[in-house]
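Commentary on secondary and tertiary structure
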Amino acid sequence: MPLAFASLSHGTVAFGFFNIETDMLLLDRVFFFARDFCEAVVSVAGAGATTARAGFEGFRIEHPRDVGDLHGAIAGVDLSGFIGATYALRPFPTREQDFRQNPEPGLSCDEVTSMIARFGRKETLELSRDEEGRIFTLAGIRFDRQGFFGLVSYVDRGGWPRWRDETRPSYVKAMMEALRDGPGWSLDRT
């Protein structure tokens with residue numbers, strides 16, 4: 001479930017997984033796969049003490065009605081928009097213990113890409129950071145270091161409700177390893 005995060009440029013923005021059976025993330029009205037986000041973070045982390053940029057594919061949905069209503073989709077009463085389309089195929093689990101982010105999603109990237117193409121437009125997104133590692137920009141939204149690493153930590157945890165059986169996908173493990181061991185800066189650097 002997406003949570004609220006503070007940005008420097010857009011105030012409070014929603015970020016996170018929106019259906020436990022897809023590994024797609026949303027950031028405001030931009031959608032992208034967690035694997036692509038993690039790979040971009042690894043690329044930026046490996047750049048050392050220089051300004052770094054990494055591009056990846058995503059989708060932008062302009063109109064809120066085309067995004068859909070997360071709470072209505074979870075309840076099964078409003079399956080409109082892209083989020084509703086995902087819940088039409090993979091409804092919210094009936095048992096609370098089944099509400100865990102699936103590290104091996106039931107909806108493939110191809111299925112999700114086909115669905116979102118009906119509601120939004122594909123575009124190249126960018127993750128960048130300044131050379132001091134203090135300002136990060138993701139899909140045009142600026143975050144301070146603390147705010148950006150809040151996004152990273154969210155993905156590492158599997159958001160809310162967390163990864164099923166605490167099992168992280170390999171791309172999440174690779175991201176966290178790169179941040180701990182990367183040249184010039186690390187997750188622990190202040």
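Residues numbered from 1 in each chain as written. Predicted model: local features only at pLDDT ≥ 70, side-chain atom pairs only at ≥ 80, totals over all residues. Heavy atoms only, no water.

Concerning the overall build of the chain
Check the secondary structure of the chain and you find 7 helices and 8 strands. Against the globule reference of 16 Å for 190 residues, the chain gives a C-alpha radius of gyration of 16 Å, in line with a compact fold. Oriented by its inertia axes, the alpha-carbon framework of the chain measures out at about 50 × 35 × 30 Å. Expressed as a percentage of its 190 residues, the buried residues of the chain come to 49%. Working note: accessible area of the chain is about 9,000 Å², and carbon and sulfur atoms make up 48% of it. Considering the chain, the positive charge centre built from 22 side chains and the negative charge centre built from 27 side chains are found 2 Å apart. (Helix = DSSP H or I, 4+ residues; strand = E, 2+ residues; numbered from the N terminus. Rg over C-alpha atoms; globule rule 2.2 N^0.38 Å. Buried < 20%, exposed > 50% of the residue type's maximum accessible area, 1.4 Å probe, protein only. Areas by Shrake-Rupley, 256 points an atom, 1.4 Å probe, with all protein chains shown as cover. Lys, Arg positive; Asp, Glu negative; His and termini not counted. Charge placed at Lys NZ, Arg CZ, Asp CG, Glu CD.)

Observations regarding the packing of helix α1 (residues 34–45) against helix α6 (residues 145–157)
Between α1 and α6, the least distance of the axes is 11 Å, while the angle of their chain directions is 130 degrees. Considered as vectors, α1 and α6 are oriented oblique to each other. The interaxial crossing formed by α1 with α6 has left-handed handedness. Of the residues in α6, those touching α1 at Phe37, Cys38 and Val41 are Phe148, Val152 and Val155. Partitioning the contact of α1 with α6 into residue classes produces 6 nonpolar, no polar and no charged. (Axes fitted to C-alpha atoms, helices over the stretch in contact; angles between N-to-C directions. Parallel < 35°, antiparallel > 145°, perpendicular 65-115°, else oblique. Left-handed = near helix turned anticlockwise from the far one by under 90°. Contact = heavy atoms within 4.5 Å. Nonpolar A, V, L, I, M, F, W, Y, C, P; charged D, E, K, R; others polar.)

Here's the deal with the packing of aromatic side chains
This model, assessed by the stated rule, comprises 18 aromatic pairs. Ring centres 6.0 Å apart and planes at 55 degrees place the aromatic pair phenylalanine 15 and phenylalanine 37 in the tilted group. A residue pair is termed long-range when its members are at least 10 positions apart, and phenylalanine 15 in strand β2 (residues 12–17) and phenylalanine 37 in helix α1 qualify at 22 residues. For the pair shown, phenylalanine 15 and phenylalanine 37 are each scored as buried. Overall, the relative accessible area of 0% leaves phenylalanine 37 in the buried class. (Phe/Tyr/Trp six-rings, centres within 6.5 Å; stacked < 30°, edge-to-face > 60°.)

Digging into the pattern of salt bridges
Per the counting criterion, the structure on display carries 8 salt bridges. Arginine 121 serves as the salt-bridge partner of glutamate 62, at 2.9 Å between the closest nitrogen and oxygen. Taken together, the residues span a long stretch of sequence, with glutamate 62 in the loop between β5 (52–60) and α2 (64–67) and arginine 121 in strand β6 (residues 121–129) at a distance of 59 residues. Residue aspartate 156 is joined to arginine 168 by a salt bridge in which the shortest nitrogen-to-oxygen separation is 2.9 Å. Of the two residues, aspartate 156 is situated in helix α6 and arginine 168 in the loop between α6 and α7 (170–181); the sequence distance between them amounts to 12 residues. By relative accessible area, which is 22% here, arginine 168 ends up partly exposed. Overlapping salt bridges bring together Arg60, Glu62, Arg121 and Glu123 as one network. (Salt bridge = Lys/Arg side-chain N within 4 Å of Asp/Glu carboxyl O.)

Structural notes on the nonpolar core
In terms of nonpolar packing, the biggest core is built from 37 residues, with Phe32 and Phe37 touching the most fellow members. Ranked by the residues each element gives to this core, the list is headed by α1, at 7 residues. The contacts of phenylalanine 32, once residues within four sequence positions are left out, are Phe15, Asp23, Met24, Leu25, Leu27, Phe37, Phe56, Glu57, Gly58, Leu125 and Leu138. The next biggest cluster of nonpolar side chains, apart from the first, holds 20 residues, and it includes Phe31, Ala73, Ile83 and Phe119. (Core = buried A, V, L, I, M, F, W, Y, C linked by side-chain atoms within 4.5 Å.)

Here we look at the sheet that holds β5
In spatial order, the strands read β1-β2-β3-β4-β5-β6-β7-β8; together these 8 strands make up an open sheet with antiparallel pairing. The sheet is open, and its two edges are formed by β1 (3–6) and β8 (141–144), each paired on a single side. Direction aside, neighbouring strands of the sheet carry axes that sit 30 degrees apart on average. By the bridge criterion, 2 bridges tie strand β4 (residues 30–33) to β5 in an arrangement that is antiparallel. Bridge pairing in β5 links phenylalanine 31 to phenylalanine 59. Along the sheet face, α6 touches β1, β2, β3 (24–27), β6, β7 (135–138) and β8 and points at about 95 degrees away from the line of β8. (Pairing = 2+ DSSP bridges.)

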